[in-house]
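Single-letter residue listing:
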Amino acid sequence: MIPFDFEYYKPTTVTEALNIFEDIQKRGKKVIFYSGGTEFITFARMNKMAAEAVIDIKGIPDCQVLEVQGETLVIGSAVSLNKIVDSKLFPLLGQTVKGVADHTSRNKITLGGNINSGLMYREGVLPLLLSDAMVKIAGNEEKNILPLKDVFNKKLQLNSGQLLVQIIIDVSYASQKFICLKKTKISKVGYPVVTIAALIKDSKIRAAFSGVCDYPFRSSEIEAILNDTSLTNDEQIEKAVKGLPSPIVNDIQASAGYREFVLKNTLQETIEALKEKTS
């Protein structure tokens, strides 16, 4: 049970949602956007999150789009993870988000919610970083389409009152050879010790990581190492681990030492699998 009262709004347009947000803020109340609501409910019950008003964006058609439009795949921020999996429109994204929580939970968890998660993993963002995704962000009566990499630094950097509306991906990425490997502590579903999503683009490996550091990332430095053919696989792996952008996480899921061990093995699997796909 959530231990506090809050106002609930379900607008039907982006403009309405922004206006409601602005009105509530002017009244001095704390307000948040949410799509799936799973994280809000969970954290609120644990007294780790609170709000005086919530704006449910699932009723906004722009946030529910899931279709190919010309040369782009458009995914609304309120589209559930299971819908993305079932659509098969972007296989790498589908395989990646299929490992987020159990099947029932994925009916509620949305792509936007996963990208905006308060947890460090945010695995759904990995294929988007690899595919040079664009994002449509609404706020201050404007809608801007920006490269995801420009607004995602460890987490999605949105200003107060801004709303993630859609993710836009070039359809060519849906046909690229890829692999996604997720290693958990016990079961197949759960928080990752290590997740690596990778694909081949223009004969080069692109790779993004979750669970290793305390935020998901794609690293051009690590990719340069993985594409350096003068190095053996073992040399690539050792250099890649040394080139991580932040210290390896040490927590209840796994010690830093164990995470490093799993990371090295998973990198080995990734490199070998991609070589097989391109041979």
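Before reading further, recall that the structure is shown in the block above.
Right, let's walk through the structure included here. (Residues numbered from 1 in each chain as written. Predicted model: local features only at pLDDT ≥ 70, side-chain atom pairs only at ≥ 80, totals over all residues. Heavy atoms only, no water.)

Quick look at the side chain of T184 now. Relative to the assigned elements, T184 resides in strand β11 (residues 178-184). Classification of T184 by relative accessible area gives buried; the value is 18%. Setting aside chain neighbours within four positions, we find T184 in contact with G190, Y191, P192 and V193. (Helix = DSSP H or I, 4+ residues; strand = E, 2+ residues; numbered from the N terminus. Buried < 20%, exposed > 50% of the residue type's maximum accessible area, 1.4 Å probe, protein only. Contact = heavy atoms within 4.5 Å.)

Glancing now at the side chain of T270. Position of T270 among the secondary structure elements: in helix α11 (residues 256-278). The buried category is assigned to T270, whose relative accessible area is 4%.

It is worth spelling out the sheet that holds strand β6 (residues 134-139) at this point. The pairing of strands in a sheet happens through backbone hydrogen bonds and is either parallel or antiparallel. As summarised here, the arrangement of the five strands in space is β4-β5-β10-β6-β7, forming an open sheet in which the pairing is antiparallel. Looking along the sheet, the strands with just one partner apiece sit at the ends: β4 (66-69) and β7 (142-147). Strand-to-strand twist of the sheet, defined as the mean angle between neighbouring strand axes without regard to direction, takes the value 25 degrees. In this structure, β6 lies alongside β7, joined through six bridges in antiparallel fashion. Across the sheet, the residue bridging to I137 is N144, located in β7. (Pairing = 2+ DSSP bridges. Axes fitted to C-alpha atoms, helices over the stretch in contact; angles between N-to-C directions.)

In this section: the nonpolar core. L111, L128, L148, I167 and I169 are the most contacted members of the largest nonpolar core, which totals 35 residues. It is helix α7 (residues 125-130) that provides the largest number of residues to this core, a total of five residues. Those residues in contact with L111, other than ones at most four positions away along the chain, are I75, S77, V79, L81, I84, L93, G124, L128 and I167. In terms of nonpolar packing, the next biggest core, distinct from the first, is built from 30 residues, I196, F217, I237 and A240 among them. (Core = buried A, V, L, I, M, F, W, Y, C linked by side-chain atoms within 4.5 Å.)

Our next topic: the packing of aromatic side chains. Enumeration according to the criterion identifies five aromatic pairs in this entry. A ring pair is formed by F21 and F33, whose centres lie 4.9 Å apart and whose planes are at 25 degrees; its orientation type is stacked. One end of the pair, F21, is in helix α1 (residues 14-26); the other, F33, is in strand β2 (residues 31-34), and twelve residues separate them in sequence. The aromatic ring of Y173 is capped on one face by K201, whose charged end is 4.8 Å from the ring centroid. (Phe/Tyr/Trp six-rings, centres within 6.5 Å; stacked < 30°, edge-to-face > 60°. Lys NZ or Arg CZ within 6 Å of the ring centre and 35° of its normal.)

The next point concerns the pairing of β11. Across the seven residues that make up β11, a large majority, five, are buried. Where β11 meets strand β12 (residues 192-201), seven bridges bridge the pair, whose relative direction is antiparallel. Directly across from K183, in β12, lies its bridge partner V194.

Before going further, it helps to examine α1. Count 3.6 residues to each turn of an α-helix, and residues three or four apart come out pointing the same way. Here α1 contains 13 residues, and its C-alpha end-to-end distance of 19 Å stays within 8% of the 18 Å for a straight helix at 1.5 Å per residue. Where α1 is buried, its residues touch β1 (7-9), β2, β3 (53-56), β6, β7 and β10 (163-170). Backbone geometry just after α1 places G28 at a positive phi near 75 degrees. (Expected span 1.5 Å × (residues − 1).)

Strand order in the open sheet formed by three strands is β1-β3-β2, with parallel pairing between adjacent strands. Here the strands that pair on one side only, and so sit at the sheet edges, are β1 and β2. With strand direction ignored, the average angle separating the axes of adjacent strands in the sheet is 20 degrees. Examined bridge by bridge, β1 and β3 share three bridges and lie parallel to one another. Following the sheet pairing, Y9 is matched in β3 by I55.

This paragraph deals with the environment of I60. In this fold, I60 is placed in the loop between β3 and β4. On a C-alpha basis, the gap between I60 and T12 in space is 4.5 Å, while along the polypeptide they are 48 residues apart. Apart from residues no more than four positions distant in its own chain, I60 is found in contact with P11, T12, T13, V14 and A17.

Despite not being glycine, D132 shows a phi value in the positive range, around 50 degrees. Relative to the helices and strands, D132 is located in the loop between α7 and β6. Residues other than glycine seldom take positive phi values, yet K154 does so here, at roughly 70 degrees. Looking at where K154 falls in the secondary structure, it is placed in the loop between β8 (152-153) and β9 (155-156). Assessed through its relative accessible area of 44%, K154 is described here as partly exposed.

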